[in-house]
Amino acid sequence: MLYETLALAYEEIEKTSGTLEKTRVFSELLEKANPSEIDKIIALTIAKLHPDWTGEPEIGIAEKMAVQVVAAAASVRESVVKKKLREIGDIGAVAEFLLEEGAQASLFAEDLTVQLVYDTLDAISKITGSGSSKDKTAKLVGLLSDSSPLEAKYILRTITGQLRLGLGYMGVMDSLSLAYTGSREARSIIEKAFNVCSDLAAVALILATEGIDATNAIKTAVGRPIRMMAAKKLSDSTEIIEKAGPEVLVEYKYDGERVQAHKNGDNVVLFSRRQEVITEQYPDVGELVRAQIKAETCVLEGECVAIDLETGRSRPFQELMRRRRKTSIDEMRETVPVAVYFFDILYYEGKDVTHLPMRKRRELLEKTVLRNKRVSLTEGEFTSDPERLDDIFTNALDAGHEGVIAKAVHENSSYQAGSRSWLWIKLKASYQEGMADSVDLVVVGAFFGRGKRTGVYGAILASVYDEDTDTFPAVCKIGTGFTDDMLNEFKERLDEHKLEAKSPKVVSDMEAEVWFEPEEVIEVLGDEITISPTHPAGKDQIREGGLAIRFPRFTGRWRDDKDARQATSVHELVELFDQQRSRGQET
Ligand code: ATP
């Protein structure tokens, strides 16, 4: 397929409003493609040349380099590109405009195919070492010299992660379903396949070349991360039992980092919540899995927690995060010793066991994990009594944990990869007061500090994630509760993602003084969720307006374990707002 065909489809999708229509346009594009190139089309469209867990480098070009590339390709000064960028706020459109204006002769240009664009970007992403930015820039300029202005626009947006088609992963899966089965109904099969193998491009290729039955047959495998199951939240034990009961397994909620351990003989790979390989960060956990797990092949999930070796008590999450600093991991394993508490098993001796009910999986887990001081199972108890649940919750807090997670154990309590359902419900201390819980927000903008805060940012603008449109609508401005250290860290971390203008993915009526690429996720506590005249989050779903977080404050916790798309979603925010409303009506 010519890249131009893909670019024209992107343009039409962008102009089309409504998810249904967008997916129809994209599915028609997919139908035109040769089945063998579907994986490349999907990879370019989700702007991920390879899934994170493969460890392959990604294209992610910073805006600064993109500006240099456009300037060189259009033969103008960088200041001209920057000025235009501030005006129209989208590097893709700037490239299109300047290349059109320059009307550079592309008579000898090579016809760009999807395959060629993919291969070139892949090759560029793999350039490393000294002088790599020069080489990358040169190769990108070469690619642009073969592109039409329209193609350049979409190439630029792809490499800067700003392809805002408004499709999101769900829209892409809908389109795949429509293109290859003639209806949207097979979306759930495609989604399930994606959840168990975490590689949408590979799923699409199987669907296009082998059909829906082969897609349905995609199974969990050792070495390929399974998208993690998540928990909903409630603040009342009776409600929890009603939703997940009659009987539930109430487990302590440990405050650490979730790991998915894949064991194949002596080979152990650890995946993070965002499906990055973190084996090197936790060499000790790898050793513990090798020594203490009685299975040749298996996939286990657990929480990795920093501990005090003498008392065995957990240490704060911030301690554990010191492990994230890649330097001197050998020293870290001594200074930040960890324990791992396993709570689930997804694969055992060559077989997928995610379909087993929770009770069965727990039994299997009991048999598989040889416990010692550093490896054990999460503390848990079966009960159908709300009062007992409250007691366990109190015990959990006394023992220094965050709260509990109640897990359904009935016949249908399978492990639901990639979903947040009522099968797992968390109850934390913070729910009993004010807003039902902290939320995880993406930092999208900032305001300069004044007075004592000159030189750092005095306030930041934060967003939730809208899965339907793949955008980041703003939900609050946070300006209080910062320590000096926090302010310095904000400056240091955020400046890496600084943009000339608002990212096209960010939706905000409030004008920040500095804009960032939506990358960094922080934990925020607020008093409540309110209807807002200013912020757009949830506007389509709430009659009275958008939603905002009232009196928001940063808890000090950077959610490095989450990527921007794993931040609190608009749907979750609306759900929290509804829960808050019904609580208000009760009192
Ligand atoms: P939170 O901020 O409350 O951790 P979250 O959005 O990060 O929420 P959820 O999936 O909603 O994550 O909550 C479950 C998380 O709690 C898991 O990802 C895991 O890291 C952690 N956890 C701690 N103890 C347990 C346990 N016993 N069972 C399952 N998950 C646990």
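The model shown is predicted, which means the values in this text are computed figures rather than measured ones.

A few points about the environment of V409
Here is step 1: Mapping V409 onto the fold places it in the loop between β10 (403-408) and β11 (420-428).
Here is step 2: When its relative accessible area of 6% is taken as the criterion, V409 is described as buried.
Here is step 3: Along the backbone, V409 and R362 are 47 residues apart, and their C-alpha atoms lie at a distance of 9.5 Å.
Here is step 4: Each residue touching V409, except ones within four places of it in the same chain, is listed here: E247, V248, L249, P357, M358, R359 and F382.

Quick notes on the site of the ligand
Here is step 1: Neighbouring residues of the ligand: 19 residues in total, closest E303, K407, R420, K426 and R559.
Here is step 2: Contact distances for the ligand include 2.8 Å between a nitrogen atom and a side-chain N or O atom of E251.
Here is step 3: Here an oxygen atom of the ligand sits 2.9 Å away from a polar atom, N or O, in the side chain of R258.
Here is step 4: A total of 610 Å² of accessible area belongs to the ligand in isolation, and the protein chains cover 96% of it.
Here is step 5: Looking at the shell around the ligand, the elements with two or more residues in it are β1 (230-233), β2 (248-253), β10 and β11.
Here is step 6: Considering every element that reaches the shell around the ligand, the biggest residue donor is β11, with 4 residues.

Re the packing of aromatic side chains
Here is step 1: What the rule picks out here adds up to 13 aromatic pairs.
Here is step 2: Ring plane angle 35° and centroid distance 6.0 Å describe the contact between F448 and Y457, whose orientation is recorded as tilted.
Here is step 3: Taken together, a centroid distance of 5.2 Å and an interplanar angle of 55° make the contact between F490 and F554 tilted. In this pair, F490 is assigned in helix α20 (residues 484-494) and F554 in strand β21 (residues 553-558), connecting sequence segments 64 residues apart.
Here is step 4: Grouped by ring-pair contacts, the aromatic residues F482, F490, F554 and W558 constitute a single cluster.
Here is step 5: A cation sits over an aromatic face here: K407 above W424, 4.3 Å from the ring centre.
Here is step 6: The ring of W515 is capped by K502, whose NZ or CZ atom sits 5.7 Å from the centre of that ring.

Things to note about the domain arrangement of the chain
Accessible area lost upon the coming together of the parts serves often as the stated size of an interface.
Here is step 1: With domains assigned, the chain is organised as domain 1 (48-159), domain 2 (230-432) and domain 3 (439-586).
Here is step 2: Just the C-alpha atoms count here: the centres of domain 1 and domain 2 sit 43 Å apart.

Some thoughts on the nonpolar core
Here is step 1: The biggest cluster of nonpolar side chains holds 72 residues, and the ones touching the most others in it are Y3, I42, L121 and L176.
Here is step 2: In this structure I42 touches F26, L30, V172, L176, L200, A201 and A204, once residues within four positions along its chain are discounted.
Here is step 3: Counting residues in hydrophobic clusters, the runner-up holds 37 residues, among them I226, I392, I405 and V409.

Regarding the confidence of the model for the chain
Here is step 1: Taken over all residues, the pLDDT of the chain has a mean of 90, while the share at 70 or more is 96%.
Here is step 2: Of all helices and strands in the chain, the one with the weakest mean pLDDT is helix α17 (residues 329-335) (75), whereas helix α18 (residues 358-368) scores best (97).

Focus on helix α8 (residues 132-145)
Here is step 1: End to end, α8 covers 20 Å across 14 residues, agreeing with the expected 20 Å (1.5 Å per residue, within 8%).
Here is step 2: Those residues of α8 not exposed but buried are S132, K136, T137, L140, V141, L143 and L144. Projection of α8 onto a plane perpendicular to its axis shows the buried side chains occupying an angular sector of 165°, all on one side. Projecting away from the buried face of α8 at angles above 90 degrees are the exposed residues K134 and A138.
Here is step 3: Against the buried residues of α8 lie α4 (63-74), α7 (114-125) and α9 (149-159).

Each value, and the rule that gives it
Residue numbers run consecutively from 1 along every chain, following the written order of its sequence. Per-residue local features of the predicted model are confined to residues with pLDDT of at least 70, and side-chain atom pairs are confined, for both listing and counting, to 80 or more; whole-chain, interface and lining totals are unaffected and use all residues. Hydrogens are left out, water is left out, and the side-chain values use all remaining heavy atoms of the structure. Counting from the N terminus, the helices are the DSSP runs of H or I reaching at least four residues and the strands are the DSSP runs of E reaching at least two. Relative accessible area decides the class of each residue, using a 1.4 Å probe on protein chains only: under 20% of the type maximum gives buried, over 50% gives exposed, and in between gives partly exposed. We call two residues in contact whenever any of their non-hydrogen atoms come within 4.5 Å of each other. We call a residue near a molecule or strand as soon as one heavy atom of that residue lies within 4 Å of the molecule or strand. In protein, a polar contact requires one atom able to donate a hydrogen and another able to accept it; more generally it is a pair of N or O atoms within 3.5 Å, and residues adjacent in sequence count only if both atoms are side-chain atoms. Methods summary: accessible areas were calculated by the Shrake-Rupley approach with a probe of 1.4 Å, and residue burial reflects only the protein chains presented. For Phe, Tyr and Trp, rings pair up if their centres lie within 6.5 Å, where Trp contributes its six-membered ring, and each pair is then called stacked (planes under 30 degrees apart), edge-to-face (over 60) or tilted (otherwise). Two conditions define a charge sitting above a ring: the NZ of Lys or the CZ of Arg must be within 6 Å of the ring centre, and it must be within 35 degrees of the ring normal. These domain limits were set by an automatic method or by a database of domain assignments. The definition of a nonpolar core used throughout is a set of buried Ala, Val, Leu, Ile, Met, Phe, Trp, Tyr and Cys residues joined through side-chain atoms within 4.5 Å. Predictor confidence is given residue by residue as pLDDT, running from a minimum of 0 to a maximum of 100. The span expected for a helix works out to 1.5 Å for each residue beyond the first. Working definition: the arc comes from the directions between the helix axis and the C-beta atoms, pointing outward to the latter.

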